[in-house]
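What follows is each chain in one-letter form.
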Amino acid sequence: MKVCYVCKAVDETNATVATQVRWIRALAHHPQVDRVRVLTRHVGTAELPTNVSVHGFGAQGWPRTVLGFYREALRLRRSEVDWFFVAQGGPYPALLLPLKRLFDRPLYQWKAHPHISRRMRFYARYCDDLIFTPTPASFPMALDSVRVVGHGIDTDLFRPAQGPKIGDVVAIGRIAPVKRLEVAIEALGHCRDEWGLQLALDIVGPCRSRDENYRQRLVALVEQRGLSDQVRFHGSVHHDEVPRLLGQYRMSVNFSQTAFDKAAGEAMAAGVPVVTTNPCSHEMLPDDIRPVLAAKDDIAGVAGTIREVASWDEPTRERMGHRLRETVVADHSLVAFFDKIIGAIEAEQRTPAGRAVTW
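Structure report, in brief. (Residues numbered from 1 in each chain as written. Predicted model: local features only at pLDDT ≥ 70, side-chain atom pairs only at ≥ 80, totals over all residues. Heavy atoms only, no water.)

## A look at the overall build of the protein chain
Quick note on the threshold: Helix numbers and strand numbers start at the N terminus; a helix is a DSSP run of H or I with at least 4 residues, a strand a run of E with at least 2. What the globule rule says is 2.2 Å times the number of residues to the power 0.38, and the radius of gyration is computed from C-alpha atoms. Only protein chains enter the accessibility calculation, which uses a 1.4 Å probe. A residue is then buried if its area is under 20% of the maximum for its type, exposed if over 50%, and partly exposed in between. In this analysis, two residues are considered to be in contact whenever any of their non-hydrogen atoms come within 4.5 Å of each other.
Across its full length, the protein chain carries 13 helices and twelve strands. Relative to its length of 359 residues, the protein chain is compact, with a C-alpha radius of gyration of 21 Å against a globular reference of 21 Å. Over its C-alpha atoms, taken along the principal directions, the protein chain stretches across nearly 65 × 40 × 40 Å. Here the protein chain holds 359 residues, and the buried ones make up 55% of them. Within the protein chain, contacts between residues separated by at least 24 positions form 65% of all contacts whose residues are at least 6 apart in sequence.

Below, the structure is given as structure tokens:
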């Protein structure tokens, strides 16, 4: 198979997009894949197999970006692509539609977001042949073309770490309103005010310039609640360092209301208990640990769950962490990710139109 893979960035030094490098590497190593040609807006540092070529088309402003995209895309020959694959969002399904028609090649997309915009509805109905998503609620559009394949988490990289727990609570990921970090801050204040439980929270991740006002509001909230000694803001860390960092904490928190958050899945794969209100995390958690790890979406409920997890002894923490890792390895591991995707593609070519295939 020869694949044209389209994504926003290829850069393993960038914490928010490093996963794409791992996905491309896994796809290129798949026994049924001969070559991967990557089209991307941003080209950074990445060690990739020899059967991968990366072509950047980034430019200032969308008109130049579109022109750059077609400059690279039109260098493709029909014989050089068996299918197109778009990772996450952007206008790329629409931009690829003419090539899809011209080459008579299918177009597939990975998408994980519970809010489906008008544009995404158009892409899903008229551009994409199949849409891959990690959990049913991560792309809640009633189409026969939707396939649930897990999240593609590198469970070899993210695995339980040995050593003492020197931190209480960690939130890892970019600082943005969608991550709802104020819930974590308020919950820590509730723990202190109601039960005298003083836990430290480390917020680790980058902040884009457009989200700087949100970060300043979080800093002001920390000061207002008198939590300056408990809440610390750290910058971004290299993706390879995240597993070691996670292993130092008694728990992770994730209050994103988007699709199943990769950061939460990575913490689970590392055997770290995750206090979360994310609906997609709820639907993937086993019944025996869902009531403990998935707090109600209110400050008192979140604080109560944080208090519960903080009270666990080490054997309980290890047992719960083991159950979480089992779930991620079984359903969301990168090892099986492209097996599922390529299996779905092959099944789609064999089955009558409209027949649903899922895992």
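## Looking at the packing of aromatic side chains
The condition is simple: Pairing of aromatic rings covers Phe, Tyr and Trp, the last through its six-membered ring, and needs centres within 6.5 Å; plane angles under 30 degrees mean stacked, over 60 mean edge-to-face, and all others mean tilted.
For the coordinates displayed, the defined rule picks out 17 aromatic pairs. Considering the side-chain rings of Phe-57 and Tyr-92, the 6.0 Å spacing of their centres and the 70 degrees angle between planes classify their relative orientation as edge-to-face. Here Phe-57 is found in the loop between strand E3 (52-56) and helix H2 (62-73), whereas its partner Tyr-92 is found in helix H3 (residues 92-103), with 35 residues between them in sequence. For the pair Phe-57 and Tyr-92, a shared accessibility class is recorded, and that class is buried.

## Notes on the sheet that holds strand E6 (residues 130-133)
In plain terms, the rule: When DSSP finds at least two bridges between two strands, those strands are taken to pair. For every element, the axis is a line fit to its C-alpha atoms; helices are fit only across the contacting stretch, and the angle between N-to-C directions ranges from 0 to 180 degrees.
Taken in spatial order, the seven strands line up as E3-E2-E1-E4-E5-E6-E7 in an open sheet, and their pairing is parallel. Edge positions in the sheet fall to E3 and strand E7 (146-148), since each of these pairs with one other strand and no more. Pairwise comparison of adjacent strand axes, ignoring direction, gives a mean angle of 20 degrees for this sheet. Where strand E1 (residues 2-10) lies against strand E4 (residues 83-87), four bridges are found, and the strand directions are parallel. For Tyr-5, the partnering residue across the bridge sits in E4 and is Phe-85. Docked against the sheet, helix H1 (residues 18-29) engages E1, strand E2 (35-43), E3, E4 and strand E5 (107-110), running at close to 170 degrees with respect to E1.

## Concerning the environment of Asp-287
Test applied: Counting of polar contacts relies on pairs of N or O atoms within 3.5 Å, with two restrictions inside protein: one atom must be capable of donating a hydrogen and the other of accepting it, and residues adjacent in sequence are counted only when both atoms are side-chain atoms.
Looking at the element boundaries, Asp-287 is found in the loop between helix H9 (279-284) and helix H10 (290-293). Under the relative-accessibility criterion, Asp-287 is labelled exposed at 59%. Taking the C-alpha atoms as reference points, Asp-287 and Gly-56, 231 residues apart in sequence, are found 45 Å from one another. In this structure the side chain of Asp-287 is engaged in a polar contact, spanning 2.7 Å, whose partner is the side chain of Arg-290.

## Examining the pairing of strand E8 (residues 167-172)
For the record, the criterion: Crossovers are marked right-handed if the path from the first strand over the helix to the second runs clockwise, as seen with the strands pointing away from the viewer.
Most of E8 sits inside the fold, with six of its six residues counted as buried. Across three bridges, E8 lies against strand E11 (residues 249-254) in parallel orientation. Counterpart to Gly-167 in the pairing with E11 is Tyr-249. Bridge count for E8 against strand E9 (residues 201-204) is four bridges, and the pairing is parallel. Looking at the pairing, Val-169 lines up with Leu-201 of E9. Read from E8 through helix H5 (residues 181-195) to E9, the crossover connection turns out right-handed.

## Some details on the environment of Ala-161
You can see Ala-161 is positioned in the loop between E7 and E8. Apart from the residues within four sequence positions on either side, Ala-161 is in contact with Gly-247 and Ala-270.

## Some words on the sheet that holds strand E10 (residues 231-234)
Within the open sheet, the five strands sit side by side as E10-E9-E8-E11-E12. Their pairing is parallel. Strand pairing shows two members of the sheet lacking a second neighbour, E10 and strand E12 (274-276), which therefore form its edges. Averaged over neighbouring strand pairs, the angle between their axes works out to 25 degrees when direction is ignored.

## Re the pairing of E9
Residues Leu-201 and Ile-203 line one face of E9 and the alternating positions Asp-202 and Val-204 line the opposite face, and both faces are buried. Bridge count between E9 and E10: four bridges; the pairing is parallel. Residue pairing for E10: Val-204 is matched across the bridge by His-234. One crossover worth recording links E9 to the parallel E10 by way of helix H6 (residues 212-224), and it is right-handed.

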